[in-house]
Amino acid sequence: MYAVARDVTKLVKAERYQQAQQHILELISVEKPLAEILTAICLMAEAHNPAIKACVMLKVDQHLQITSAPSLSPSYHAALANVPIAHNAGSCGTAAFEKSLVVVEDVTTDPKWLQYSDVVLSEKLTACWSMPLVFNEDNVLGTFALYCDSARGPVEEELELMASCCRFAANAIEQVQQKQLLNEGEQRFRSLYQFNPQPVYVLDKQGYFSNINNAGSQLLEWPLVELTKMHFSRVILNEQLAEVTEYFSSAISGSPESFETSILSRTGNQHELQITLIPTWIDGEIVGVIGMAKDVTQHLQTEKQLRLFKRAVDASYNGVVISDITQPDMPITYVNSAFEKFTGYSKKESIGRNCRFLQGTERDELAIEPIRLAIESKQEVSVILKNYRKDGTLFWNNLYLSPVPDEAGAITHYIGIQTDITEQKKYEKELAFNASHDLLTGLPNRSLLRDRLVQNVKASARHKEKVAVLFIDLDGFKLINDSLGHLFGDEVIRQVSARINKQIRPGDTLARMGGDEFVLMLPDIKDINQLNDHAERVLIAISTPFKVSGRELQITASIGISVSNNDITEPMELVKQADLAMYQAKRLGRNNVQWYQAEMEILQNKRLNLRAMLKQAIENQEFELYYQPQVEAGSGRLVGLEALLRWQHPVQGFIGPDEFIPIAEETGLIIEIGQWVIEQAATYNRSLQQRGLAELVMAVNISSLQFQREGFVEQLEQTLNKVQLAPKWFELELTESLLLENIEQVIHKLQHLKQLGISIAIDDFGTGFSSLNYLKRLPLDKLKIDKSFINDLVTDKKDAAITRAIIAMAHQLELKVIAEGVETLAQSTLLQKNVCDELQGYFFSRPLPADKLEVFLKNYLPS
Ligand SMILES: Nc1nc2c(ncn2[C@@H]2O[C@@H]3COP(=O)(O)O[C@H]4[C@@H](O)[C@H](n5cnc6c(=O)[nH]c(N)nc65)O[C@@H]4COP(=O)(O)O[C@H]3[C@H]2O)c(=O)[nH]1
């Protein structure tokens, strides 16, 4: 009977224990709170033996805290709230520390309980056995302890119970902790997903959005509800769809993809996105992809713009250079292609160096100073620098420097824009030179001469010295120019200027005033007596024969000299004075030197007066014609008259033609005067014939200006018709130089005159630049040997020889010859002997007024 009763108790106990275990497993599986599960474990242990109490402590940091001890008092709970994991920290603290079972049979004697024994005793408990809750062999989660009211160790059965409770507790704790970890992970993922500022989305295997975060739906501008039914192709730009679909297929096959594409939002806004697609694996199977997008529209635009800027700067015509002013010695960090082209230095050779290497060995401190100041004050600046290319050639660099701020506004760099203005500089220099120099000879011109004269006159006055001016004018240059052409004339001027240039000292100025006029300024003259020698040397230099275009030539010059004095207020006055002196030299037969004298001014004034009076002379009928007879050499018979103009001014008295004709020519009045002479001479000749006084050819001097005028021949023809004088009784005396101007037109006019029956004589023959060529070509009748040859004809063999030669040549060309200025019988006889056709001169008669001529005609007897 007894035996049966015992078996039942054991059985009941085992059954209850099993039920308790079942209950605990259920609690764990339905994820009941940990404290509830641990309490159930404690109760299961206590149910085994009413003399023992259970306690579960969990590890929190390096301490143990009671999580469940259902049969222990609240004061016990409070006292062991925080037990350290250490040696001698009660049974539990020690067990957790040593990771092994600790059995304390009597807390009153065991040193492990020194601190806590009172608390245990007040619970009427004596022994405490504690087992660590270990997970994965090493990880201590806490402790499971059994207290006993008697001082003893655990029996075998109790040890098994503890081990079993520990397993249950460790399981429950582990599951709770796992769940906690899972929870946290999910929350983290949700945060990453939901609060990500960049679009994140989930696509299913077919490419439909299953989910998308707020940033994504905002970018696409579609409501979340609608998006989750949409296929991704709906938002991709058409032309990129094929490519994106391929990326999607690749991702859905397990390979993550990253690419850039363009999408269109609901309202049509285009965005450039950088997308990463990651396959989503669930239980070893891909169920879709997670997409992450980054809106790079702004970034791409900025990049595009930067690339454009870089290309533009690279392609710029101007050299561009950027220097880092935050670095020591401000190295170059960038140069464009134009910089490389200008300077010859490649990018590699330039970057890292300071810009000053372009200045070569010399440094233009004056130009660099503004750059230094501008960089110091972070200002912009523009300077013109003399720089050198790699090959050593100079170039002018118009450099504009501007500060470049960083994002924070601090100036970190300077950008320099270079313009190569070498050509412009050269042009400016040329312009400046041309403005002050004569193009043909390269000599200073009038304006530069004026500047130098002003400076030198001032300086000389300070040093009590003088400035001399030599006005040099070539003799007969007009004839050379007219007969041999302007190019030839230019070459003559060039050669003459070079010759004079050789005669000057440093500090002298030789200027060309235009035409054939030169001015030589000689400063610092100490002895004015040397000036004559100087001028003579110039004359000799000019008159030495020279060759131009293969033609031998000799040319002389006339020089006027003036010297500064204290009365001079305007230095150019000196040039005027030297000019007047030069005119005097011309008047005195050319090829000589004259000094300026105050009387010359008077003479000049007189000329100006004359000019004014001449205008009145025609109206006031102050002109009169004198006539000088011309005789046939052989017979002495009268054959012609030369009409010579006389001017009887009511106040000034007689004024000679040599004096007023040049002025009449200068002013153009010669046209009117000349026409008056023609009419007067023709009328008078007709009158002589009508009155039966003489039948003679009337020769009239014609000025170049008059002859060159359009309609001259026609007007002459009309005049002769008007006065009814047959053209054969009229002759024109033309000078050599006149014939050489515009030769084709001259020939045409002469032929016309010839047709009319008017004869043509060449006046002053032998004094000009006689060209035999034109004599042959022109329809002429007569040559008039100049009186300068006749003067010394009898005494000077050379003059006699020239005269003979002229006569012989003229006859060969079937031209008549008349000699003028015949004053003596000897001259007349010699000319006769030399078969000169006609003679004219004081020996026969002076020019006579009409009344006296008529007396002469009546009395004339051929000798
Ligand atoms: N010593 C010297 N001289 C003599 C002798 N026989 C004549 N003469 C001068 O020689 C000049 C000859 O005239 P021309 O060579 O045509 O030189 C002329 C001519 O070129 C110009 N001329 C005179 N009348 C006119 C005119 O009506 N029209 C133009 N265009 N020029 C004129 O003025 C020049 C000077 O004229 P004139 O003073 O009248 O001077 C005249 C005349 O008086 C002589 O035996 N010995």
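Preceding this section is the structure that the text describes.
In this report, we go over the structure that sits alongside the text. (Residues numbered from 1 in each chain as written. Predicted model: local features only at pLDDT ≥ 70, side-chain atom pairs only at ≥ 80, totals over all residues. Heavy atoms only, no water.)

A word on the overall build of the protein
Here is the rule: Only DSSP runs of H or I reaching four residues or more are called helices, and only runs of E reaching two or more are called strands; each is numbered from the N terminus. In this scheme, a residue with accessible area under 20% of its type's maximum is buried, one over 50% is exposed, and one in between is partly exposed, where area comes from a 1.4 Å probe on protein chains only. Any two residues whose heavy atoms approach within 4.5 Å are treated as being in contact. Per-residue and other accessible areas follow the Shrake-Rupley method at a 1.4 Å probe size, with only the shown protein chains counted as cover for residues.
From N to C terminus, the protein includes 31 helices and 33 strands. Out of the 863 residues in the protein, the part that is buried amounts to 45%. Long-range pairs, those at least 24 residues apart, make up 57% of the contacts in the protein between residues at least 6 apart in sequence. Within the structure as shown, the protein displays about 45,300 Å² of accessible surface, and the carbon and sulfur contribution to it stands at 52%.

Side note on the pattern of salt bridges
For clarity, the threshold we go by: Any Lys or Arg side-chain nitrogen found within 4 Å of a carboxyl oxygen on Asp or Glu counts as a salt bridge.
Inspection of the entire model under this criterion finds 32 salt bridges. Salt-bridge contacts for Lys179 lead to Glu31; the nearest nitrogen and oxygen are separated by 2.9 Å. Of this pair, Lys179 sits in helix 6 (residues 156-194) while Glu31 sits in the loop between helix 1 (2-29) and helix 2 (34-48), and the two are 148 residues apart along the sequence. A residue is classified by how much of its surface remains accessible, and Lys179, at 38% relative accessible area, is partly exposed. For Glu31, a relative accessible area of 45% gives the class partly exposed. Residues Arg188 and Glu184 are paired through a salt bridge, measuring 3.6 Å at the closest nitrogen-oxygen approach. Taken as a pair, Arg188 and Glu184 lie in helix 6 at a separation of four residues, close to a single helical turn. On the basis of relative accessible area, Glu184 is assigned to the partly exposed category, the value being 37%.

Thoughts on the site of the ligand
Put simply, the rule is: Near, as used in this document, describes a residue that has one of its heavy atoms within 4 Å of the molecule or strand being considered. Polar contact is the term for a pair of N or O atoms within 3.5 Å; when the atoms are in protein, one must be able to donate a hydrogen and the other to accept it, and sequence-neighboring residues count only if both atoms are side-chain atoms. Residue classes follow a fixed rule: Ala, Val, Leu, Ile, Met, Phe, Trp, Tyr, Cys and Pro count as nonpolar, while Asp, Glu, Lys and Arg count as charged, and any other residue, Gly among them, counts as polar.
Near the ligand you find 22 residues, and of these Arg646, Asn701, Asp763, Glu823 and Tyr842 are the closest. Contacts to the ligand include Glu642, whose side-chain N or O atom sits 3.2 Å from an oxygen atom. Within the side chain of Lys787, an N or O atom sits 3.1 Å from an oxygen atom of the ligand. Considered on its own, the ligand offers 790 Å² of accessible surface; in the complex 85% of this is hidden by protein. Looking at the shell around the ligand, the elements with two or more residues in it are strand 25 (638-649), helix 21 (657-667) and strand 29 (759-765). In terms of residue count, strand 25 provides more of the shell around the ligand than any other element does, four residues in total. Split by residue class, the shell around the ligand holds eight nonpolar, five polar and nine charged.

As for unusual backbone geometry
Most peptide bonds take the trans configuration, and most residues that are not glycine carry a negative phi. Phi at Asp524 is positive, roughly 50 degrees, even though this residue is not glycine. Assignment of secondary structure puts Asp524 in strand 19 (residues 517-525).

Points about the sheet that holds strand 3 (residues 83-84)
Let me state the cut-off plainly: The criterion for strand pairing is that DSSP finds at least two bridges linking the strands in question. Axis lines are fitted to C-alpha atoms, over the contacting stretch for helices. Their N-to-C directions set the angle, which ranges from 0 to 180 degrees.
Spatially, 3-2-1-6-5-4 is the arrangement adopted by the six strands of the open sheet, whose pairing is antiparallel. In this open sheet, the two strands that pair with only one neighbour each are strand 3 and strand 4 (102-104). Direction of pairing for strand 5 (residues 127-135) relative to strand 6 (residues 139-148): antiparallel, over a ladder of nine bridges. What sits directly across from Val134, in strand 6, is Val140. Contacts between helix 2 and the sheet are confined to strand 1 (52-60), strand 2 (63-68) and strand 6, with strand 1 contributing the most and set at about 150 degrees to the helix. With respect to the sheet, helix 6 is in contact with strand 1, strand 5 and strand 6, its orientation differing from that of strand 5 by roughly 40 degrees.

Section: the packing of aromatic side chains
We apply this condition: Only centres within 6.5 Å qualify two rings of Phe, Tyr or Trp (six-membered ring in Trp) as a pair; their planes then separate them into stacked at under 30 degrees, edge-to-face at over 60, and tilted for everything else. Charge-over-ring placement is defined geometrically: NZ (Lys) or CZ (Arg) within 6 Å of the ring centre, and within 35 degrees of the ring normal.
Per the counting criterion, the structure on display carries 16 aromatic pairs. Arranged with centres 5.6 Å apart and planes meeting at 85 degrees, the rings of Tyr76 and Tyr147 form a pair that is edge-to-face. Residue Tyr76 is located in helix 3 (residues 74-79), and its partner Tyr147 is located in strand 6; the two are separated by 71 residues in the primary sequence. The buried category is assigned to Tyr147, whose relative accessible area is 1%. In textbook terms, an aromatic cluster arises when at least three aromatic residues are bridged by ring pairs, as seen for Tyr76, Trp113, Tyr116 and Tyr147. A cation sits over an aromatic face here: Arg646 above Tyr626, 5.3 Å from the ring centre.

Comments concerning the sheet that holds strand 23 (residues 593-595)
Read from one edge to the other, the open sheet built from five strands follows the order 18-19-17-22-23, with strand pairing classed as mixed. Edge positions in the sheet fall to strand 18 (509-514) and strand 23, since each of these pairs with one other strand and no more. Going from strand to strand, the sheet's axes swing by 20 degrees on average, the running direction of each strand aside. Pairing between strand 17 (residues 466-474) and strand 19: seven bridges, direction antiparallel. By the bridge assignment for strand 19, Asp473 is matched with Glu517. Here helix 18 (residues 530-543) sits on the sheet in contact with strand 17, strand 19, strand 22 (557-563) and strand 23, set at roughly 160 degrees to strand 22. Against the sheet, helix 19 (residues 572-587) makes contact with strand 17, strand 18, strand 19, strand 22 and strand 23, and its axis sits at roughly 140 degrees relative to strand 22, the strand it touches most.

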